Amino acid sequence: MPDRAVTTDAPPAPTDAGPPPPATEPARRRLPLVRRLVLSAWFWPTAFAALAVGWRLGSPEMWHDELVTVDVATRSTGQILGMLANVDAVHGTYYLFMHGWTTLFGTGPAVVRLPSAVAMVLATACVALVGRRVFDQTAGIAAGFVFALVPTVTRFGQETRSYAFVVLAAAAATLFLLRALQRPGWLRWAAYVLAVAGIGLVNVVALTLLLGHGVAVLIHCWRERRWWSVAWFALAAAGVGIAAPVILRGMKQAGRQISWIPDSAPWTVWEQAFGSVLLAAAITALAVVGVLTHLRRDAAARTAAAAVIAALPLPVILLASTGDINYFFSKYLLFLLPAWAVLAGAGVAAVRRAPLVAVGLVALAALSVPGQLALRGEYSHGWYTYPQARAFKPLSYSEAARVIEAGYQPGDGLVAGGPWWWMHEPGVRYYLPADVSPRNVFQQQSAAQRNELFGADCATPARCLRDEPRLWVLLPTVTDAPLTGLPKKQSAALAQRYDVVRVTHVTGLTVALLQRRG
């Protein structure tokens, strides 16, 4: 596909105003570089994305999925590999990366979210460059801004999970494919292979993007009347083989991991993928405008290819979701946002006048404000169903940790009741200082010891108590009768030896203090 980018580093036209002022040789070398940078399609959208993603990066409360990442990443490499054999193989590459990251930089909220922020900022640059190659400079700039304005882009750019890396891999794969088709070479196809492997290593569902890529290659070959690019693409798509072990293991674990995903109306899922009802409608409409306006120009073949890349995975994922497992899930569709932003950018740029393009982007920014604010709130990270109602109430691990820290005494123990997937014990421990570490009195094996996401409790709770003078009971619910929220055997063992002396309610959690009798 030819590169239609506007050259930005051409020398200025001669004038009669006399010779230019003298400049040093380093200055002559710097000015063209700065000029090219500032006038490039990717620079301003990427700078805006960096500001948007970085805003309040460490402020929202860590939530269940993020706490799973931190818990797994802080295990040994052997423990991580042992767990991947049982569960979460599809996130294995990300966990191993985060293991190295947390070893070097720690586990603070902003620190563990920073890799996702960088990935989403780089994805913005890829989107702008794809828009420039498929359409033109203005469309590329508009596409980058459209992408950065989507609330879920900045939201998952602040998530300690692999979704931002999926988006980056998908955007980079499309960019590398366009470059390889425009000017083939083994290095360019090798870059595409690595991007495809990256997609497979972090999200199997996103591999449906290759279907659109394949059709785009056929369109390009038909237009150029040269078919050898099909062979190159077939070899490059074999990059999926690099991720084959992860894909095969993930398929075996799918029934356990994602069978819980409920069926939802496709448009509802689409709104959740954007994090905004109005913005989802606006970007979809602008994408249609972008396709229709450019199909009538010399970019018809490239436009058709871009439309196929954006749209083809959707019916395929829907068809695959007709079985027992639903893959049509908002977080699994994020990899399509770059392609739709490219088409929407072309729709914005269809007005052809810079002031009108700016007005269009400002209007999109206004539509994004409610979603941006909602997804930056204190408990926003657990609201993955936005703009629909929350799937569950928020939990404040940090508030519970402050309660325990304020009243902690050496020798205190801990009892965590309720389903493990609320991650209330790891969440509270995450926010506790290192010198406040009460023993989980009923835990026989930790999650790391079991090569699992959750630990195992004692079969006979009374035998696991060690005469702790006080116990903290932590429950992922609000109740004034904390012992009733525990398994019967644990509740009976505690009732025989302890009295409830204090019950504190925080957001979504109950923290109770038990005192040993006598």
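This one's a predicted model, so the numbers in the text were calculated from it and none came from an experiment.

### A few points about the overall build of the chain
- The secondary structure content of the chain amounts to 24 helices and seven strands.
- Referenced to the eigenvectors of the C-alpha coordinate spread, the extents of the chain come out at roughly 100 × 55 × 40 Å.
- Taken across its 518 residues, the chain has 52% of its residues classed as buried.
- Each charge sign in the chain was given a centre, from 44 positive and 28 negative side chains, and these centres are 7 Å apart.

### Let's talk about the confidence of the model for the chain
- Of the residues in the chain, 94% reach a pLDDT of 70 or more, and the chain-wide mean stands at 92.
- The low-confidence segment residues 1–25, where pLDDT is below 50, has 30 contacts with residues more than four positions distant or belonging to other chains.

### A few points about the sheet that holds strand β5 (residues 470–475)
- Here we have five strands laid out as an open sheet, ordered β2-β1-β5-β7-β6, and mixed in their pairing. Edge positions in the sheet fall to β2 (439–440) and β6 (498–506), since each of these pairs with one other strand and no more.
- Across two bridges, strand β1 (residues 413–416) lies against β2 in parallel orientation. Looking at the pairing, Gly413 lines up with Arg439 of β2.
- Packing against the sheet, helix α24 (residues 488–497) makes contact with β1, β5, β6 and β7 (509–516), and its axis sits at approximately 120 degrees to β6.

### Considerations on the pattern of salt bridges
- Applying the stated criterion across every chain, the model contains twelve salt bridges.
- Between Arg226 and Glu224 there is a salt bridge, with the nearest N and O atoms lying 3.8 Å from each other.
- By relative accessible area, Arg226 is classed as partly exposed at 43%.
- The shortest N-O distance in the salt bridge between Arg516 and Asp467 comes to 3.1 Å. Taken together, the residues Arg516 in strand β7 and Asp467 in the loop between α23 (461–464) and β5 connect sequence positions 49 residues apart.
- Using a relative accessible area of 27% as the deciding quantity, one classes Arg516 as partly exposed.

### Remarks on the nonpolar core
- With 99 residues, the main nonpolar core has Val146, Phe147, Trp189, Tyr192, Leu333 and Phe335 as its most contacted residues.
- In terms of residues, this core owes the most to one element, helix α9 (residues 163–182), which gives 15 residues.
- Among all residues touching Trp189, those that are not within four sequence positions of it are Leu177, Ala180, Leu181, Pro184, Ser229, Trp232, Phe233 and Ala236.

### As for the side chain of Glu271
- Within the secondary structure, Glu271 is located in helix α14 (residues 266–274).
- We note that Glu271 is buried and unpaired, the nearest opposite charge coming from Arg155 at a distance of 16 Å.
- In contact with Glu271, other than residues within four places in its own chain, are Ser276, Val277, Ala280, Tyr386, Pro387 and Gln388.

### A short note on the packing of helix α2 (residues 43–54) against helix α7 (residues 137–149)
- As a packed pair, α2 and α7 sit with axes 8 Å apart at the nearest point and diverge in direction by 10 degrees. Between α2 and α7, the angle is such that the two are roughly parallel. For the pair α2 and α7, contact is made by Trp44, Pro45, Phe48 and Ala49 and by Ile141, Gly144, Phe145, Ala148 and Leu149, respectively.
- Here the contact of α2 with α7 is composed, by residue class, of eight nonpolar, one polar and no charged.

### Focus: the state of the cysteines
- Per the stated rule, a full pass over the model turns up one disulfide.
- Between the sulfur atoms of Cys458 and its disulfide mate Cys464 the distance is 1.8 Å. Between Cys458 and Cys464 the sulfur-sulfur dihedral comes to about -120 degrees; the bridge is accordingly left-handed. Considered together, Cys458 and Cys464 belong to a single accessibility category, that of buried residues.

### Concerning the packing of helix α10 (residues 186–202) against helix α12 (residues 228–237)
- Across the interface, α10 lies against α12 with an axial gap of 8 Å and an inter-helix angle of 40 degrees. Our classification of the angle between α10 and α12 gives oblique. As for the relative orientation of α10 and α12, their crossing is right-handed in sense. Residue-level inspection shows Trp186, Trp189, Tyr192, Val193 and Val196 of α10 in contact with α12, the latter providing Ser229, Trp232, Phe233, Ala236 and Ala237.
- Among the residues forming the contact of α10 with α12, the class breakdown is nine nonpolar, one polar and no charged.

### Observations regarding the packing of aromatic side chains
- The final tally for this structure, using the stated rule, is 24 aromatic pairs.
- With a centroid separation of 5.5 Å and an interplanar angle of 75 degrees, the aromatic rings of Phe156 and Tyr163 are classed as edge-to-face.
- A residue is classified by how much of its surface remains accessible, and Phe156, at 4% relative accessible area, is buried.
- Three or more aromatic residues link up through ring pairs in this structure, and these residues are Trp63, Trp260, Phe329, Tyr332, Tyr384, Phe392 and Trp422.
- The lysine or arginine in question, Lys331, covers the ring of Tyr384, its NZ or CZ lying 4.8 Å from the ring centre.

Calculation criteria
Residues numbered from 1 in each chain as written. Predicted model: local features only at pLDDT ≥ 70, side-chain atom pairs only at ≥ 80, totals over all residues. Heavy atoms only, no water. Helix = DSSP H or I, 4+ residues; strand = E, 2+ residues; numbered from the N terminus. Buried < 20%, exposed > 50% of the residue type's maximum accessible area, 1.4 Å probe, protein only. Lys, Arg positive; Asp, Glu negative; His and termini not counted. Charge placed at Lys NZ, Arg CZ, Asp CG, Glu CD. pLDDT = per-residue confidence, 0-100. Contact = heavy atoms within 4.5 Å. Pairing = 2+ DSSP bridges. Axes fitted to C-alpha atoms, helices over the stretch in contact; angles between N-to-C directions. Salt bridge = Lys/Arg side-chain N within 4 Å of Asp/Glu carboxyl O. Core = buried A, V, L, I, M, F, W, Y, C linked by side-chain atoms within 4.5 Å. Parallel < 35°, antiparallel > 145°, perpendicular 65-115°, else oblique. Nonpolar A, V, L, I, M, F, W, Y, C, P; charged D, E, K, R; others polar. Disulfide = S-S within 2.5 Å. Left-handed = near helix turned anticlockwise from the far one by under 90°. Phe/Tyr/Trp six-rings, centres within 6.5 Å; stacked < 30°, edge-to-face > 60°. Lys NZ or Arg CZ within 6 Å of the ring centre and 35° of its normal.

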